[in-house]
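These are the residues of each chain, in order.
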Amino acid sequence: MSLTTKALGRGRRVAAGSLIAVAALGLTACEGGPDAASRPSSAAAPVTSQDTERGSGAQSAGGSAQSAAAKPQSSANGRRPSAPAKAASPGGKPTAKSPGATESQASAMTASDRCNAADMSLRLGRSDIGAGNIRYPLVFTNKGKKACTLRGYPGVSLIQRDGSAVGKPATREGGSGPVVRLQPGQSAHALLHTLNEGVSDTPCWDRSQIVFVYPPGSKESMTTGSAGLRVCGGRFDVTAVEAGALG
């Protein structure tokens, strides 16, 4: 081989090597040099202000949830739940008696123990005249088989046999009196009071024929003959019942 041919081959190899070196340098410049591997990858998106706000919101939500778990839950209207009420007693009845409970029981017992018109007899006793006043005992007698009680005023009117009224019903006189307990066969009385004729200028009523009576606390009536009782001076009173029979 001639010298000329050898020189041409060496020149070609040098040119090829130079081209390869230039290409390598170009690639290195495009990829950012040897420090490119240590830099952040372009695939990671940059952190924006919106992302920062989202992160803060997430942290706030987490903190609020922890705070809500630590605090007592509130009711729907925003108020704290009150302490649980005490359990009611069985049946829903109050554990303590109401102030009127004893009075109601006493009233019920009195009503069941009261003397009924059907278990009593009635009569008008002899008159007691003195100092311009006339008083008649109105006597109640227990004819039943068990004891019963009376207390208070009877309702008294004077009537004729045809049922027509004579004057006005008797007004109450004095206090209401004690409870009178009557064993079978025992009696109690109330007093009818009027004035003697001539004591007052007020005219006397017509003479009556029947005394019409409601026993104390009863809605059932009783009657007895009046023996011609006549009210004068516009005065006709009745007292509360007392133990015993008069006249």
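Residues numbered from 1 in each chain as written. Predicted model: local features only at pLDDT ≥ 70, side-chain atom pairs only at ≥ 80, totals over all residues. Heavy atoms only, no water.

A.B. asks: Just checking my understanding: could you explain the sheet that holds strand E5 (residues 155–159) for this structure?
C.D. replies: Strand pairing in a sheet relies on backbone hydrogen bonds. The paired strands run either parallel or antiparallel. On the basis of which strands lie adjacent, the open sheet formed by four strands has the order E6-E5-E10-E11 and antiparallel pairing. The open sheet terminates on both sides in strands that have one partner only, identified here as strand E6 (165–166) and strand E11 (222–225). (Pairing = 2+ DSSP bridges. Helix = DSSP H or I, 4+ residues; strand = E, 2+ residues; numbered from the N terminus.)

A.B. asks: Looking at this model, I keep getting lost on the pattern of salt bridges. Mind explaining?
C.D. replies: Close approach of charged atoms allows side chains of opposite charge to pair. Applying the stated criterion across every chain yields a total of three salt bridges. Arg235 serves as the salt-bridge partner of Asp237, at 2.3 Å between the closest nitrogen and oxygen. Looking at Asp237, the relative accessible area reads 6%, which means it is buried. Take Arg235: its relative accessible area is 34%, and that puts it in the partly exposed class. (Salt bridge = Lys/Arg side-chain N within 4 Å of Asp/Glu carboxyl O. Buried < 20%, exposed > 50% of the residue type's maximum accessible area, 1.4 Å probe, protein only.)

A.B. asks: What's the story with the state of the cysteines in this structure? I'm lost.
C.D. replies: Among covalent bonds in proteins, the disulfide is the one between the sulfur atoms of two cysteines. For the coordinates displayed, the defined rule picks out two disulfides. Here Cys204 pairs with Cys232 through a disulfide, and the sulfurs are 2.0 Å apart. Its S-S torsion of about 110 degrees marks the bond between Cys204 and Cys232 as right-handed, since a negative value means left-handed. Taken as a pair, Cys204 in the loop between strand E9 (187–195) and strand E10 (210–214) and Cys232 in the loop between E11 and strand E12 (237–238) lie far apart in primary sequence, 28 residues in all. Using a relative accessible area of 23% as the deciding quantity, one classes Cys204 as partly exposed. Sequence-ordered numbering of the bonded cysteines in the protein chain yields a pairing of 1-2, 3-4. (Disulfide = S-S within 2.5 Å.)

A.B. asks: Hey, could you run me through the packing of aromatic side chains in this one?
C.D. replies: How two aromatic rings sit relative to each other is set out by the distance from centre to centre and by the angle between their planes. Going through the model one piece at a time under the given rule, you end up with two aromatic pairs. A centroid spacing of 5.9 Å and a plane angle of 75 degrees characterise the contact between Trp205 and Phe236, whose relative ring orientation is edge-to-face. Note that Trp205 is positioned in the loop between E9 and E10 and Phe236 in the loop between E11 and E12, a separation of 31 residues in sequence. Here the two residues Trp205 and Phe236 agree in accessibility, since each one is buried. Relative to Tyr214, the ring of Phe212 has its centre 5.5 Å away and its plane inclined at 85 degrees; by these criteria the two rings are edge-to-face. On the basis of relative accessible area, Phe212 is assigned to the partly exposed category, the value being 24%. (Phe/Tyr/Trp six-rings, centres within 6.5 Å; stacked < 30°, edge-to-face > 60°.)

A.B. asks: Can you help me understand the nonpolar core in this one?
C.D. replies: Note that soluble globular proteins tend to have their nonpolar side chains buried in a common cluster. Leu138, Phe140, Leu150, Val156, Leu158, Leu192 and Phe236 are the most contacted members of the largest nonpolar core, which totals 29 residues. For this core, the secondary structure elements donating two or more residues are strand E1 (120–124), strand E3 (133–142), strand E4 (148–150), E5, strand E8 (180–182), E9 and E10. Element by element, the count of residues in this core is highest for E3, at four residues. (Core = buried A, V, L, I, M, F, W, Y, C linked by side-chain atoms within 4.5 Å.)

A.B. asks: When you look at the environment of Thr171 in this model, what are you seeing that I'm missing?
C.D. replies: Along the chain, Thr171 turns up in strand E7 (residues 171–172). For Thr171, a relative accessible area of 44% corresponds to the partly exposed category. On a C-alpha basis, the gap between Thr171 and Ser157 in space is 9.8 Å, while along the polypeptide they are 14 residues apart. There is a polar contact of 2.6 Å between the side chain of Thr171 and the side chain of Asp237. (Polar contact = N/O pair within 3.5 Å; in protein donor to acceptor, adjacent residues only side chain to side chain.)

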